[in-house]
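Spelled out from the first residue to the last, the chains are:
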Amino acid sequence: MSDALRSSRLPDLPNAGYRTRAEKELSDAVMFLIRGMERDRLLLLETVIQGRATWRQRFTKAFRAIKADDDLADAVYGYLVLLAGPDPVAQKARLELLAGQQAITSWDKRLATKLRLAKNHKELEMDIVRESLKPRRIYSS
C-alpha cells in the first residue's frame with residue numbers, strides 16, 4: 001500500500017549510530033539540538049541563511065567533546081534546510097516584521113498605527129515577490 005503523503009514528510013533525524021556509548025550520546029545531543037531549533041524558528045532560519053560552512057565550523061566545535069565530524073554536521077545541516085523550507089530569507093523577514101508589529105500593537109491601539117503596519121506588510125510582500133522574480137545564477141559543484 002503506497003503512502004500518498006510520503007513525499008511531503010521529513011526524513012528521520014540523522015543519527016551517528018549506537019555502537020558505543022559516545023555514539024549514543026552524540027545521537028542524543030543531535031536530536032536534542034534539532035528539537036530545540038524546531039522550536040526556535042528565527043534561530044533555525046538564521047542558521048540556514050548563514051550557510052553550511054559556518055554551521056559545520058560551529059557544530060564540530062560545539063560537539064568536539066563527543067567527536068562530531070563534518071559528515072554528521074552536513075547531515076544535520078541538510079535536515080535543518082528541509083525544516084526551514086523554501087526561501088528562508090523571506091520567511092525570516094516576515095517573522096521579524098510580525099514580531100515587531102506584535103510588539104507595537106501590544107500597547108498602541110490607534111487605527112493609524114494599524115494602517116501603517118498593514119502598509120509595511122504589503123510593501124514587504126511586494127519586495128519578496130519582486131526578488132523571487134529576478135533571475136538567479138545556479139552554480140553546480
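Calculation criteria
Residues numbered from 1 in each chain as written. Predicted model: local features only at pLDDT ≥ 70, side-chain atom pairs only at ≥ 80, totals over all residues. Heavy atoms only, no water. Helix = DSSP H or I, 4+ residues; strand = E, 2+ residues; numbered from the N terminus. Expected span 1.5 Å × (residues − 1). Buried < 20%, exposed > 50% of the residue type's maximum accessible area, 1.4 Å probe, protein only. Contact = heavy atoms within 4.5 Å. Salt bridge = Lys/Arg side-chain N within 4 Å of Asp/Glu carboxyl O.

A.B. asks: Account for the environment of V76, with residues named and values stated.
C.D. replies: Among the secondary structure elements, V76 is positioned in helix α4 (residues 70-84). In the structure, V76 is positioned 21 residues away from W55 in sequence and 9.3 Å away in space, judged by C-alpha atoms.

A.B. asks: If you had to explain helix α6 (residues 111-133) to someone new, which residues and values would you point to?
C.D. replies: Spanning 23 residues, α6 covers 33 Å between terminal C-alpha atoms, matching the ideal 33 Å at 1.5 Å per step. Every buried residue of α6 is accounted for by T113, L117, L124 and I128. On its buried face, α6 is in contact with α5 (88-105).

A.B. asks: Can you explain the pattern of salt bridges? Please cite residues and give values.
C.D. replies: Taken as a whole and assessed by the stated rule, the structure comprises eight salt bridges. Its salt-bridge partner being D74, residue R56 comes within 2.8 Å of it at the nearest N-O pair. Linking R56 in helix α3 (residues 52-62) with D74 in helix α4, this pair joins segments that are 18 residues apart in sequence. Given the relative accessible area of 27%, R56 is considered partly exposed. Note that D127 and R130 form a salt bridge whose closest N and O atoms lie 2.7 Å from each other. Linking D127 with R130, this pair stays in helix α6, spanning three residues, or about one helical turn. Assessed through its relative accessible area of 49%, R130 is described here as partly exposed.

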